[in-house]
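These are the residues of each chain, in order.
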Amino acid sequence: MSLANKYPKEVKQILAKYPPEYKRSAVMPLLYLAQREEGYITKDAMQDIADTLEISVTDVGAIVGFYTLYHDKKEGKYRMQVCTDLPCALRGADQFMESLCANLGIKVGETTADGLITLEAVTCLAACDRAPMFQVQSGDGLQYYEDMTVDKTMELIAAIKEIGKEVK
Amino acid sequence: MSHILLRHREIPDISNLNVYKKNGGFEVFKKAVTKMKPSEVTDTVKASGLRGRGGAGFPTGVKWSFIDNKIWPHYVVANADESEPGTFKDREIMESNPLQFLEGVAIASYAVGAKSAYVYLRGEFWQIAKSMDEKIAEMEEAGYLGEKLFGTDYSLHIYTHLGAGAYICGEETAMLESIEGKRGQPRIRPPFPAVYGLYGKPTVVNNVETLTNLPMILANGADWYKSLGTPDSAGVKIFSLSGRVRKPGNYELPFGTTFRQLIYEHGGGVQDGRPVKAIMPAGASSSFIVADDKALDTQMDYASVRTLGADLGSASVIVIDDIVSIDWIINKTIHFFKHESCGKCTPCREGTYWMMHLIDRIPESGYSKADVDLLLNVAHQMQNKCLCPLGEFSTMAVATGIERFPQDFKKQ
C-alpha cells in the first residue's frame, strides 16, 4: 500500500511545505514516514516515494544511504544510540558504553536476541553537558535520555522489554 | 545582568505565546513590517555589529546586503543543524525560547524580502521540530505569520525541515542541497547563496543564535547592543562549556569574558581540582590552546582568541585537564571527521581515512616518530585544498596537537 493511501493527510502536509515544482524536497520527510511502522525502509517504499516525487529510485536510495537516521534493513525495534564523541567521552561515555555491552551481552552494533534493542555508538548529539547520554530511535521518532547511569539505563531496558512482551 | 537570548532563565514560560507577547514579543516585527523599510532593518543590524554565531563570525547585516535584488523569490534558511561536538546552545534556545528565535527568522525574512523561510533542524531534534511546528501554527493563528501581515502586502510562511544525521549539513550549501532533497554535499562556491541559494534563488542562511539576537537589537537599538561586548565582537555570546569542568552548560556572557572567568567563576573549576591543560574553544574543529596563565586570562572575542593561534568559532569551549593525553583527543576528533566526511572532495575523503589509520596505529606502534611525522604531513597536505571547511577543520586539532603538545606523541 502506498504512503499516499496509508497516510493521505501527512503526505499532503509534507508536499505543501515545498514549491510544487520542487517536490523532490519532500524525499526526506517521506522517508521518515516510510520508516514509521517497521523502523526501516523497504525497496517497495523507496520505489513508491520515487514515483510520487518523479525521481529515480536510485536517487531515493542515495538519500537513504547518505543519512545515518535512515535504515534499509530490519534491526532492533529500538535503536539505542550512545554518544561516544569527544565531549561525552571526557565525561565517561566510553566506560558507560562498555558497561552497557557487558550488561546486555552484545557488542556495539549488535542486536539483543529478542530483537528489541540494537546498541549503536554515534557522534555528537548536542547534549555534551548531560553525559553520559543516548537517544532511542524507534519508528519515525526519537527520545533523548540524559545524565544517565548504567543502573538507570538497565531499568529503562527492562521497561522496554516488558512493553515488547505485551506487543508480541 | 538578565539574559538577552536565554530569557527563559528569568521568564520560565516564555515559550507560551501570550507570555512572550506580554514581554514585548512580536512588537518589533510588527513595527518593522508596518513602519520600517527592509533596508532600515538591515542598516540597524549592520550598525549593531552583530556577527554570525554559527562559527564564521561574518557580519550579519553585511551578509544580508549581498542578496541579489534582480533575482526573485528570496529565501531565508535558519541553520538549526547544531552538530559540532561541544555545541548545545541552539538546542536550549529552541527548546525554551522558541518564539524569540522565530521572531528573529521573521525579521530577517522581512529585511531580505523573503516570503518563505525554512528552519533546517538536525534529525536528532525531532521533538524540537514537532513543538516548533506547533509554535508556527500558533503564530499563524495569531496573525504573526501568513498572508498580508498587519494589513500590509507582506506575507511570510515558515516551515521546518528535518535533517537525518549528517554533520556536513551544517555547511550552508550542503544544507541547501539537503532541503532540495539531495545528499548533503557542499557546492562549489562561488556563486554564494546570496546569489544562487535554495532552488537557485538568492538565499540568506543564518544560525539560530544569530537570529535570536534580532528582536532584542531592534527593540533596544544598535548602540545598546554595541555597548555590550568588545569593539571587535559586539554583544553577548552563548558559551557552551563542556569537558572536565564541574558545572558544564550554556553560559550567556558578553564577549570579552576571559577563559578563566568562564571555567572557574561560571563553570566551577576543573573536576577533582586538577589544572587545565588545554582548551578547545570551537569544539572538535578547534586548534588546541595551551592553557597557560596568559591564555586563561585572554578575553573570549574573535580577535583576542586569534592571538592564541585558534578561532573562537561557535564558542563551544571543551576543557581538557592534565590526566588526558592529546593523542587520545585527536583520535576522537579524527574518527568523528572520518565518519562525517561527505566523500565529495578527494583531500577530505582520503585525508581523513589515512589520518584515522595513522592515529589508530600510533599507540600500537609505541609512538613511532615516523608515524607521527607522517600524520602531521597528511594534515598539512590537506590544508587549503578541501572543498569546504569540514576538511580543513579535521586537520586543526591534529596539526596543533602534535605541534603544541609534542610530549603526548612520544613513548610514555
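In this text, all values refer to a predicted model and were calculated from it rather than measured experimentally. (Residues numbered from 1 in each chain as written. Chains lettered and ligands numbered in written order. Predicted model: local features only at pLDDT ≥ 70, side-chain atom pairs only at ≥ 80, totals over all residues.)

Undergrad: Just checking my understanding: could you explain the overall build of chain A for this structure?
TA: The number of helices and strands found in chain A is eight helices and four strands. Counting from the amino terminus, chain A carries its helices and strands in the arrangement α-α-α-α-α-β-α-α-β-β-β-α. Along the longest, intermediate and shortest principal axes, the C-alpha atoms of chain A span 50 × 35 × 25 Å. Taken over 168 residues, chain A has a buried fraction of 40%. Contacts in chain A between residues at least 24 apart in sequence constitute 60% of all its contacts with a sequence separation of at least 6. (Helix = DSSP H or I, 4+ residues; strand = E, 2+ residues; numbered from the N terminus. Buried ≥ 20, exposed ≤ 12 C-beta atoms within 10 Å, placed from the backbone. Contact = placed C-beta atoms within 7 Å.)

Undergrad: What is the right way to look at the overall build of chain B in this model?
TA: Across its full length, chain B carries 17 helices and nine strands. The globule rule puts the C-alpha radius of gyration for 412 residues at 22 Å, and the 22 Å found for chain B is close to it. In terms of overall dimensions, chain B has C-alpha extents of about 70 × 45 × 35 Å along its principal axes. Across the 412 residues of chain B, 56% fall into the buried class. (Rg over C-alpha atoms; globule rule 2.2 N^0.38 Å.)

Undergrad: Hey, could you run me through the pairing of strand β2 (residues 117-122) of chain A in this one?
TA: Note on strand geometry: in a regular strand, side chains alternate between the two faces of the sheet. Residue and element names in this part refer to chain A. With five of six residues buried, β2 is to be regarded as a mostly interior element. Looking at chain direction, strand β1 (residues 78-83) and β2 are connected through six bridges and run parallel. Each bridged residue has a counterpart across the sheet, and for Cys83 the counterpart in β2 is Val122. (Pairing = 2+ DSSP bridges.)

Undergrad: Quick question: what am I supposed to make of the pairing of strand β7 (residues 276-280) of chain B here?
TA: Residue and element names in this part refer to chain B. Counted residue by residue, β7 has five buried out of five residues, so it is predominantly covered. Where β7 and strand β9 (residues 316-321) come together, four bridges link them in antiparallel fashion. Looking at β9, one finds that Met280 is bridged to Ile318. Where β7 lies against strand β8 (residues 289-290), two bridges are found, and the strand directions are antiparallel. Opposite Ile279, over in β8, you have Ile289 as the bridge partner.

Undergrad: I tried to follow unusual backbone geometry on my own but got confused; where do I start?
TA: Excluding glycine, residues mostly have negative phi values, and the peptide bonds linking residues are mostly trans. Geometrically, the link from Ala131 of chain A to Pro132 of chain A is a cis peptide bond, its omega value of -5 degrees lying close to zero. With respect to the helices and strands, Pro132 of chain A occurs in the loop between β2 and β3 (134-138). That bond from Pro190 of chain B to Pro191 of chain B is cis: its omega, 0 degrees, falls within 30 degrees of zero. For Ala126 of chain A, which is not glycine, the phi dihedral falls at a positive 60 degrees. In this fold, Ala126 of chain A is placed in the loop between β2 and β3. Its 27 C-beta neighbours within 10 Å are what place Ala126 of chain A among the buried residues. One non-glycine residue, Tyr199 of chain B, lies in positive phi territory at about 55 degrees. Mapped onto the fold, Tyr199 of chain B is located in the loop between α8 (172-179) and β4 (203-207).

Undergrad: Which parts of the structure should I look at to understand the sheet that holds β1 of chain A?
TA: Remark on secondary structure: sheet strands pair via backbone hydrogen bonds, oriented parallel or antiparallel. Residues and elements named next belong to chain A. Spatially, β2-β1-β3-β4 is the arrangement adopted by the four strands of the open sheet, whose pairing is mixed. In this open sheet, the two edge strands, each paired with only one partner strand, are β2 and β4 (141-145). The average angle at which neighbouring strand axes cross in this sheet is 25 degrees, direction not considered. (Axes fitted to C-alpha atoms, helices over the stretch in contact; angles between N-to-C directions.)

Undergrad: Quick question: what am I supposed to make of the packing of helix α14 (residues 326-340) of chain B against helix α17 (residues 389-404) of chain B here?
TA: How two helices sit against one another is set out by the angle between their axes and by the gap between those axes. Residue and element names in this part refer to chain B. The interhelical angle for the contact between α14 and α17, taken along N-to-C directions, is 170 degrees, at an axis separation of 9 Å. In terms of orientation, α14 lies roughly antiparallel with respect to α17. Contacts from Ile326, Ile329, Ile330, Thr333, Ile334, Phe337 and Glu340 of α14 reach α17 at Leu390, Phe393, Ser394, Ala397, Val398 and Gly401. The residue makeup of the contact of α14 with α17, split by class, is nine nonpolar, three polar and one charged. (Parallel < 35°, antiparallel > 145°, perpendicular 65-115°, else oblique. Nonpolar A, V, L, I, M, F, W, Y, C, P; charged D, E, K, R; others polar.)

Undergrad: Is there a simple way to explain the packing of helix α15 (residues 346-364) of chain B against α17 of chain B in this structure?
TA: Residues and elements named next belong to chain B. Packing of α15 against α17 leaves a shortest axis separation of 9 Å and a crossing angle of 25 degrees. Viewed along their axes, α15 and α17 adopt a mutual orientation that is roughly parallel. Our pair here, α15 against α17, has a crossing hand that is left-handed. Contact residues: α15 offers Pro347, Cys348, Gly351, Thr352 and Met355, while α17 offers Leu390, Gly391, Ser394 and Val398. Grouping the amino acids of the contact of α15 with α17 by side-chain chemistry returns five nonpolar, four polar and no charged. (Left-handed = near helix turned anticlockwise from the far one by under 90°.)

Undergrad: Hey, could you run me through the environment of Pro186 of chain B in this one?
TA: Residues and elements named next belong to chain B. By the element assignment, Pro186 lies in the loop between α8 and β4. For Pro186, a count of 24 C-beta atoms within 10 Å puts it in the buried group. Residues Pro186 and Leu176, ten residues apart in the sequence, show an inter-C-alpha distance of 8.6 Å. Leaving out residues up to four positions away in the same chain, Pro186 has contacts with Glu171, Thr173, Ala174, Lys344, Leu387 and Cys388.

Undergrad: Please clarify how the domain arrangement of chain B should be interpreted in this entry.
TA: Where interface size is given, it is often the accessible area lost as the parts come together that is meant. Residues and elements named next belong to chain B. Under the domain assignment, chain B is made up of domain 1 (7-226), domain 2 (236-321) and domain 3 (326-409). Measuring from the centre of the C-alpha atoms in domain 2 to the corresponding centre in domain 3 gives 23 Å. Domain 2 puts nine residues into the contact, and the matching count from domain 3 is eleven residues. Here the side of domain 2 that touches domain 3 is built from residues that sort into five nonpolar, four polar and no charged. (Domains from an automatic or database assignment.)

Undergrad: Looking at this model, I keep getting lost on the interface of chain B and chain A. Mind explaining?
TA: Contact residues are listed per partner, giving 38 residues for chain B and 32 residues for chain A. At the level of secondary structure, the elements contributing two or more residues to the side of chain B that touches chain A comprise α7 (126-141), β3 (157-162), β5 (236-243) and α14 of chain B. Ranked by the residues each element gives to the side of chain B that touches chain A, the list is headed by α14 of chain B, at six residues. The class makeup of the residues in the side of chain B that touches chain A is 16 nonpolar, 14 polar and eight charged.

Undergrad: What is the right way to read the nonpolar core from this model?
TA: Here is a general trend for soluble globular proteins: nonpolar side chains tend to be buried in one another's company. Grouped together as the largest cluster of nonpolar side chains are 176 residues, with contacts concentrated most on Leu31 and Cys83 of chain A together with Val105 and Ile107 of chain B. Of the residues forming this core, the biggest block, ten residues, is contributed by helix α6 (residues 98-112) of chain B. Apart from the residues lying within four places of it in its own chain, the contact partners of Ile107 of chain B are Val28, Phe29, Ala32, Val41, Leu214, Pro215 and Leu218 of chain B. (Core = buried A, V, L, I, M, F, W, Y, C linked by C-beta atoms within 7 Å.)

Undergrad: What is the right way to look at the sheet that holds strand β1 (residues 74-80) of chain B in this model?
TA: All names here are of chain B. The four strands lie next to each other as β3-β2-β1-β4, forming an open sheet whose pairing is parallel. Either end of the sheet is taken by a strand with one partner, and the two such strands are β3 and β4. Neighbour to neighbour, the strand axes of the sheet diverge by 20 degrees on average, direction disregarded. The sheet contact formed by β1 and β4 spans five bridges and is parallel. Along β4, the bridge assignment pairs Ala78 with Asn206.

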